[in-house]
Amino acid sequence: MPTKAEIIDFLVREFPQNQCIVEEVGDRSATVSHPIGPAQLRPGDTVSGPLLMAVADVALYVAILGTIGLVPLAVTTSLTINFLRKPSARNPIVGVCRLMKVGRILVVGEVALYSDRKEEMVAHAVGTYSIPPNRTGQ
């Protein structure tokens, strides 16, 4: 399976608009973070929902890449998020992903989102990715 460095290089090359930082990658898991600045805030001095969803999606993608290999065409087919509490406007958002099912065609995972590793989640997401039938990177 690819190393953390190989996954980071892949993301820089294939997904350059991504601003998440890959912190950890393990078999069936990943931790990513995203710094917070004015562009990530919405009125009320809180982190925007779309940013929380993006962090969850990238955490899922990184966990999948670390588990099945560098498969560019693994794509999100569903993402459900529950916003639990207001994240801090000063702390990075951290997404901790655990894959619950890794199948031949679909991968399902959950992501706990934190405001800079505080004990309580700010959001919880569950997502499904579709894996292409003729995938490379195995």
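Look a little higher up for the structure.
In what follows, the accompanying structure is described.

About the thresholds
- Residues numbered from 1 in each chain as written.
- Predicted model: local features only at pLDDT ≥ 70, side-chain atom pairs only at ≥ 80, totals over all residues.
- Heavy atoms only, no water.
- Axes fitted to C-alpha atoms, helices over the stretch in contact; angles between N-to-C directions.
- Helix = DSSP H or I, 4+ residues; strand = E, 2+ residues; numbered from the N terminus.
- Parallel < 35°, antiparallel > 145°, perpendicular 65-115°, else oblique.
- Left-handed = near helix turned anticlockwise from the far one by under 90°.
- Contact = heavy atoms within 4.5 Å.
- Nonpolar A, V, L, I, M, F, W, Y, C, P; charged D, E, K, R; others polar.
- Buried < 20%, exposed > 50% of the residue type's maximum accessible area, 1.4 Å probe, protein only.
- Arc of directions from axis to C-beta.
- Pairing = 2+ DSSP bridges.
- Phe/Tyr/Trp six-rings, centres within 6.5 Å; stacked < 30°, edge-to-face > 60°.

**With respect to the packing of helix H1 (residues 4-14) against helix H2 (residues 49-68)**
For the pair H1 and H2, interaxial distance at closest approach is 10 Å and the crossing angle is 125°. The angle between the axes of H1 and H2 places the two elements in the oblique class. Considering only the axes of H1 and H2, their crossing is right-handed. Mapping the contact onto sequence places Ile7, Phe10 and Leu11 in H1 and Tyr61, Val62, Leu65 and Gly66 in H2. Looking at the contact of H1 with H2 residue by residue, the class counts come to six nonpolar, one polar and no charged.

**Observations concerning the side chain of Thr31**
Inspection of the secondary structure puts Thr31 in strand S2 (residues 29-34). Here Thr31 falls in the buried class, since its relative accessible area comes to 11%. Apart from residues no more than four positions distant in its own chain, Thr31 is found in contact with Ile21, Val22, Glu23, Glu24, Val94, Gly95 and Val96.

**Points about H1**
Every buried residue of H1 is accounted for by Ile7, Phe10 and Leu11. The arc that holds every buried residue of H1, seen down its axis, measures 95°, which confines them to one face. Exposed and facing more than 90 degrees away from the buried side of H1 are Val12 and Arg13. Residues of H1 that are buried make contact with strand S1 (21-26) and H2.

**Digging into the pairing of strand S7 (residues 106-115)**
For S7, the tally of buried residues reaches seven of ten residues, placing the bulk of the element in the interior. Of the pairings in the sheet, the one linking strand S6 (residues 93-102) to S7 comprises nine bridges and is antiparallel in character. Residue Arg98 lies in a different strand from S7, and its bridge partner there is Glu110. In sequence, S6 turns back onto S7 through a hairpin of three residues. Strand direction decides the pairing type here: S7 and strand S8 (residues 123-130), joined by eight bridges, are antiparallel. Pairing of Val111 across the sheet is with Ala125, part of S8.

**Some details on the packing of aromatic side chains**
Within this structure, the stated rule accounts for one aromatic pair. Between Tyr61 and Tyr129 the ring centres are 5.9 Å apart and the planes differ by 15°, which places this aromatic pair in the stacked class. Highlighted residues: Tyr61 in helix H2 and Tyr129 in strand S8, separated in sequence by 68 residues.

**As for the sheet that holds S2**
The strand order S1-S2-S6-S7-S8-S5 describes an open sheet built from six strands, whose pairing is antiparallel. The open sheet is flanked by S1 and strand S5 (75-83), the only strands paired with a single partner. Averaged over neighbouring strand pairs, the angle between their axes works out to 20° when direction is ignored. Seen against the sheet, H2 touches S1, S2, S5, S6, S7 and S8 and runs at an angle of roughly 45° to S6.

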